[in-house]
Amino acid sequence: MRLDSITDAIGDTPLVRVDPAVHGLRHIDLYAKLEMLNPFGSVKDRAAWHMVRPGLTAAADGHRTVVELSSGNTAKALSLLAGLYGVPFKTVTNRIRVPEMRDLLLLLGAEVEELPGQTECLDPTSTDDPLTLFHQELTGSADGYVYTDQYYNARNTEAHAAGTGPEIVADLDGRAPDHFVACVGTAGSSSGVARVLREHDPGVHVLGLVAHKADFIPGIRTIDEVQGVGLFDPATYDTIETVTADEAIEGMVTLARRCGMPAGPTGGAAYTGAVRHLRTLDAELTERRTAVFIVCDRIESYLSYVRQRRPDLLGRPAHRNSLATLTEAEAAAATGIGTEDAERWIAQDEPLVVDLRSPFSYAALHIDGSVNIVDELFAELLQGGLPFSKSRPVLLACPVGEQSARYAALLTRMGHPDVRSLAGGIIAWRDAGAPLVRE
Amino acid sequence: MGVPLYLEPRLTPRLTSLLRSGRFLHALVGGLGSPLNVVLPDQIADNLTHFRDVYRTHRLSGQVFFAHKANRSSALVRRLAATDAGLDAASLGELQHALGAGFTPDRIMATGPKDPEFLWLAARTGVLVHVDGQAELDELAALVRQYGLPPAGVLLRLSGFASEGTRLLTRPSRFGTPAGELGGLLTTLERYPDELRLAGVGYHLDTTSLAEKAVALEGCVRAMDECRGRGLNPRIIDIGGGFGVSYLADGEQWERYTTELTRAVMGRRPALTWRRHGYGLWHEAGTLRGSLALYPAHRPVAAEKYLDALLTQPAPALGTRLATLLLEGLCDLYVEPGRALADQCGLTLARVLEVRRTGAGERVVRLAANATDVALEEHGVLMDPVVVPADGRRAPAAGGPVGVHLAGNLCLEADMITRRTVFLPYPPCPGDLLAFANTAGYCMDFRAGEAQRQPVARKAAVWQDGRDGARERRDGRERQDGQDDGHGEVPWRWCLDEEYWPVAQQAHHPRHHGTPAGGGA
Ligand SMILES: Cc1ncc(COP(=O)(O)O)c(C=O)c1O
């Protein structure tokens, strides 16, 4: 395959059958539409390209900025597309809740503005709703911007009516599936595909999935939030059901570990939501049916999302020389030394003074002559063995003397003959009036 | 009507016990009139210990200042004076009140916009002054010099902290000095070495967002470094208030309610509010517009848990956990919670005067109180009142649940206690009390006025002997209270708010009023 532009790689994504041994449906063939294989990594590539394309050349000539409200895949696709034309891209979002996405957008060259949170002392008469202000700014200086407006732009839906929908029909030998399942964010993909499928077969059942209200699934909306989406029309869906973040992650794990599909949370949500919905129907079926769900994007951007909700999925065993292996008794037996004695000891025996605080705090104020090895780095060093000679005594210091006592115990266990911990830490040192320097 | 859309208030065992003491409450309102504010001083002492616990887990030192503005009560302030808390006074009156309640100046901080009298009394007594900017520094220094006062300790209130990477927008604030202009403030300070002493820096942001506060807190740590770089030796970072309160017991109720409210605004179900008020939402061409102007009433992370969550966040640029950054930077942490310290510390009682139906068939309950007495609506806080039936009447088995509208006692169309249709488990009758729980933070006396010469609510302090916070903690668990009015309860005692002193808690004190006839026990 040889292409003139990366944009030619958008679309024509594969439709892949999920092994019945995994989903357990006896009469239904379940297919995943792998939108994660679009070049920028998500279903949004199609909509972004279709929405921004008409304005891009003019933007490049007229020094305009492409703007969108997106904290995820649309912003990612638009950054790359804007970059292709040398046009700046700015996204305005309610707090980006997936840290990897924030860094990724910055890396791709996007300018990111995050809107302020709700006020704590609410003023019901206030007129400065941040989103309203944003829209005012855009309409006030329309010349400066190309605003793709994904929640209202009909071209978002069209991208899928022209691409995603017909591709599914073609891959099913000209037939629409009996069931179509999609998560609803801007409603663009679900509405566009549903329209095409219904044109082929008015009997197709469309299941829209939204996030459970108390939950957060990046990329999709809750049942209330979806009301504020211009492209959302409840008539598009035969059924709307909710999925929880846990279900999304469960589905994600199944797709990744059993199906060879490294899908993100909404792909997982669509899978779980599809199987849950179809299972009851399956029990009563006698003839074969087909169902299609959309895998919107890839797994890689969601590591911290998973770490926060399901740390067990990322579990790692503790290392031999780590603080976690220290027993209460060992920790309690560490040698402590008070400020006054420590000052005398430093003057007499010149122990190596190790300050375990972060470089920023160390730079602000520290014990004269000390070296700074930040806590995490020290932990890593110790995994390899003792990082200094046994012939030199060591004084460890941290803010209140807790971490340093634990490290002192660990070093003792590792065979160092004279490690002491500054009792009460740097704070006790300061409170005793002992000198701290700033160099 | 389907399932009644209850929004039941979150209640500590102490408030639950009080609400079960129907005779006691009716006797109080009988004697002191409706509306009546009731405060529970022992609760605020408990709340303080919860904040202290967070300090302890993070090994942080510093002080917790009650933002007095949340409630005018003397009882709450005097009860706190008997603990080790601090107090944040935002006016001359509040400062005088705190000093008179027994707060020594080393436990008081003067905040907010200040007139010369306020500033002078603060400097005269040696209270720490949280200064807004350049002009206030000059004014304070001039006062100290002119009146030969001891050097005044100052905290610099900063705002507009810059974030790295993405641009975190913050609502513009009228208060504080942009963090980028700290240098100028320090230059001013250096001009007054004998008048002013830099104690630290601080902020107060009116936002629920942890991310914004994390940027500000890290900004303060950097500001401290800048101060030290200029040879100054500040120790305090003051992160203000805004820790929030969770008003509702059940998050599911909140979710169900807001979903139904959204549907009502979209015209997909019957109205849920008086005159189809949308609480900031409206409907335009099939799409929902606007944003919900309501306090997030169910908050799993509020008050001391919110502080804990903030301290556990990594600093946005340095990456170190914020608590660690404070600890390592040898900083004392000051906080100024108002709403969060007053959580569960009071309720407002109003007598039902009339129940009638409008032409449109709506059931309207008129109360002997108005919207300024129970300023829930003003703060966008939605909660159901608890019905306390009139003496002797039992909650009827039949007749409930009902949707009612709560109207005030002013001759004003807009005087609705709430614009929401409130669902009650059974229809109230004239003579019943409606108890609005958890109004001590801003909702009780911040707005109350004397429009139409309607009486302003009086305030009573209530407590149970032998149930002060300290004792309860020693027991390690809350008491289980009896189910019935008066049975198995520790009796409630009361006095007028202005007559409360911590010593009044001891039984047989001559000035306390004990239990009204037939009440409590
Ligand atoms: C990861 C992810 N999944 C699903 C969706 C939903 O797609 P649509 O906007 O077409 O409803 C989005 C879009 O926001 C998304 O970013």
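Residues numbered from 1 in each chain as written. Chains lettered and ligands numbered in written order. Predicted model: local features only at pLDDT ≥ 70, side-chain atom pairs only at ≥ 80, totals over all residues. Heavy atoms only, no water.

Participant: Just give me the short version of the nonpolar core, but keep the residues and values in it.
Facilitator: Within the largest apolar cluster, 106 residues are counted, with the highest numbers of intra-cluster contacts made by Leu156, Ile237, Ile239 and Leu307 of chain B. No other element matches helix 9 (residues 210-229) of chain B, which puts nine residues into this core. Excluding residues within four positions of it along the chain, Leu307 of chain B makes contact with Phe51, Val54, Tyr55, Ile239, Phe243, Leu333 and Val335 of chain B. With 61 residues, the next largest nonpolar core counts Ala59, Ala77, Ala110 and Val146 of chain A among its residues. (Core = buried A, V, L, I, M, F, W, Y, C linked by side-chain atoms within 4.5 Å. Buried < 20%, exposed > 50% of the residue type's maximum accessible area, 1.4 Å probe, protein only. Helix = DSSP H or I, 4+ residues; strand = E, 2+ residues; numbered from the N terminus. Contact = heavy atoms within 4.5 Å.)

Participant: Before we move on, can you summarise the confidence of the model for chain B with the specific residues and values?
Facilitator: Residue and element names in this part refer to chain B. Overall, the predicted model of chain B reaches an average pLDDT of 89, with 90% of residues at or above 70. Residue range residues 469-487 is modelled with pLDDT below 50. Its contacts to residues more than four positions away, or to other chains, number 33 contacts. Throughout residues 507-512 the model reports pLDDT below 50, and contacts reaching past four residues in sequence, or to other chains, amount to 10 contacts. With pTM at 0.85, the complex prediction returns an ipTM value of 0.77. (pLDDT = per-residue confidence, 0-100.)

Participant: Please set out the interface of chain A and chain B residue by residue, giving values where relevant.
Facilitator: Residue-level contacts link 46 residues of chain A with 52 residues of chain B. For the pairing of chain A and chain B, the buried interface totals around 4,300 Å² over both sides, and the portion due to carbon and sulfur atoms is 51%. Run the count over chain A and chain B and you get five salt bridges. Counting across the chain A and chain B interface gives 20 residue pairs in polar contact (both at pLDDT 80 or more). (Buried area = accessible area lost by both parts, 1.4 Å probe. Salt bridge = Lys/Arg side-chain N within 4 Å of Asp/Glu carboxyl O. Polar contact = N/O pair within 3.5 Å; in protein donor to acceptor, adjacent residues only side chain to side chain.)

Participant: Before we move on, could you go through the pairing of strand 14 (residues 394-397) of chain A and cite the residues and values that matter?
Facilitator: Residue and element names in this part refer to chain A. Here strand 14 shows no split at all, with Val394 and Leu396 on one side and Leu395 and Ala397 on the other all buried. Alignment of strand 14 against strand 15 (residues 419-422), held across three bridges, turns out to be parallel. Within strand 15, the position partnered with Leu396 by the bridge is Ser421. Read as a crossover between parallel neighbours, the route from strand 14 over helix 15 (residues 402-413) to strand 15 is right-handed. (Pairing = 2+ DSSP bridges. Right-handed = clockwise from strand over helix to strand, strands pointing away.)

Participant: Break down the pattern of salt bridges for me, citing the residues and quoting the values.
Facilitator: All names here are of chain A. On inspection of all chains with the given rule, the structure shows 46 salt bridges over all chains. When the shortest N-O distance is used, the salt bridge between Glu167 and Arg46 registers 2.9 Å. Of this pair, Glu167 sits in helix 6 (residues 154-171) while Arg46 sits in helix 2 (residues 44-62), and the two are 121 residues apart along the sequence. Relative accessible area serves as the criterion here: at 6%, Arg46 is assigned to the buried category. We note a salt bridge from Glu340 to Arg344, for which the minimum N-O separation is 3.7 Å.

Participant: Kindly report on the packing of helix 5 (residues 92-101) of chain B against helix 6 (residues 116-125) of chain B, identifying the contributing residues and their values.
Facilitator: All names here are of chain B. One way to put it is that helix 5 packs onto helix 6 with a least axis distance of 9 Å and a crossing angle of 30°. It follows that helix 5 is roughly parallel to helix 6 by the angle criterion. Contacts from Leu92, Leu95, Gln96 and Leu99 of helix 5 reach helix 6 at Glu117, Phe118, Leu121, Ala122 and Thr125. Classifying every residue of the contact of helix 5 with helix 6 by side-chain character gives six nonpolar, two polar and one charged. (Axes fitted to C-alpha atoms, helices over the stretch in contact; angles between N-to-C directions. Parallel < 35°, antiparallel > 145°, perpendicular 65-115°, else oblique. Nonpolar A, V, L, I, M, F, W, Y, C, P; charged D, E, K, R; others polar.)

Participant: Describe in detail the packing of helix 2 of chain A against helix 3 (residues 73-84) of chain A, supporting the description with residues and values.
Facilitator: All names here are of chain A. At a closest axis distance of 9 Å, the pairing of helix 2 and helix 3 adopts a crossing angle of 45°. Classified by the angle their axes make, helix 2 and helix 3 are oblique. Crossing angle aside, the handedness with which helix 2 passes helix 3 is right-handed. Residues Lys44, Asp45, Ala48, Trp49, Val52 and Leu56 of helix 2 form the contact with helix 3, whose participating residues are Asn73, Thr74, Ala77, Leu78, Leu81 and Ala82. Residues that form the contact of helix 2 with helix 3 fall into these classes: eight nonpolar, two polar and two charged. (Left-handed = near helix turned anticlockwise from the far one by under 90°.)

Participant: I'd love a proper account of helix 6 of chain B, names of residues and values included.
Facilitator: Residues and elements named next belong to chain B. Regarding helix 6, the residues found buried are Phe118, Leu119, Leu121, Ala122 and Ala123. In this structure, the buried side of helix 6 is in contact with strand 3 (86-89), helix 5, strand 4 (108-110), strand 5 (128-131) and helix 7 (134-146). Just past helix 6, the residue Gly126 takes up positive phi, approximately 85°.

Participant: Mind laying out the site of the ligand, listing which residues take part and the relevant values?
Facilitator: All names here are of chain A. Around the ligand sit 16 residues, and of these Lys44, Gly185, Thr186, Ser189 and Thr266 come closest. A distance of 2.5 Å is found between an oxygen atom of the ligand and a side-chain nitrogen or oxygen belonging to Thr186. The contact in question runs from an oxygen atom of the ligand to an N or O atom on the backbone of Ala187, over 2.9 Å. Within the complex, 95% of the 390 Å² of free accessible area of the ligand lies under protein. The residue inventory of the shell around the ligand, partitioned by class, reads seven nonpolar, seven polar and two charged. (Near = heavy atom within 4 Å. Areas by Shrake-Rupley, 256 points an atom, 1.4 Å probe, with all protein chains shown as cover.)

Participant: Hey, could you go over helix 9 of chain B for me, with residue numbers and the actual values?
Facilitator: Residue and element names in this part refer to chain B. For helix 9, which comprises 20 residues, the first-to-last C-alpha distance of 28 Å matches the rise-based estimate of 28 Å (1.5 Å per residue) to within 8%. Taking burial as the measure, the 20 residues of helix 9 include 15 buried ones, the bulk of the element. In this structure Ser209 caps helix 9, since a side-chain oxygen of it lies 3.3 Å from the backbone nitrogen of Ala211. In the stretch just after helix 9, Gly231 is the one whose phi turns positive, near 85°. (Expected span 1.5 Å × (residues − 1).)

Participant: I'd like to hear about the sheet that holds strand 5 (residues 111-115) of chain A, residue by residue, with values.
Facilitator: Sheet architecture is open: five strands sit in the order 6(A)-3(A)-4(A)-5(A)-7(B), paired in parallel fashion. On the outer flanks of this sheet lie strand 6 (145-147) of chain A together with strand 7 (167-168) of chain B, each paired with one strand and no other.

Participant: Got a sec to walk through the sheet that holds strand 7 (residues 179-183) of chain A? Specific residues and values, please.
Facilitator: Residue and element names in this part refer to chain A. Spatially, six strands are ordered 1-2-10-7-8-9 in an open sheet, and the strand pairing comes out mixed. Where the open sheet ends on each side, the last strands, each with one partner, are strand 1 (15-17) and strand 9 (239-243). Here the average twist between neighbouring strands, direction ignored, is 25°. Looking at chain direction, strand 7 and strand 10 (residues 289-295) are connected through three bridges and run parallel.

Participant: An account of the packing of aromatic side chains is needed here, citing residue identities and associated values.
Facilitator: Residues and elements named next belong to chain B. Counted according to the given criterion, the structure contains 13 aromatic pairs over all chains. Ring plane angle 50° and centroid distance 4.9 Å describe the contact between Phe65 and Tyr334, whose orientation is recorded as tilted. Separated by 269 residues along the polypeptide, Phe65 in strand 2 (residues 62-67) and Tyr334 in strand 13 (residues 332-335) bring together distant segments of the chain. Of the two residues examined, Phe65 and Tyr334, each falls in the buried class. For the pair Trp463 and Tyr500, a centre-to-centre distance of 5.8 Å together with 70° between the ring planes defines the contact as edge-to-face. (Phe/Tyr/Trp six-rings, centres within 6.5 Å; stacked < 30°, edge-to-face > 60°.)

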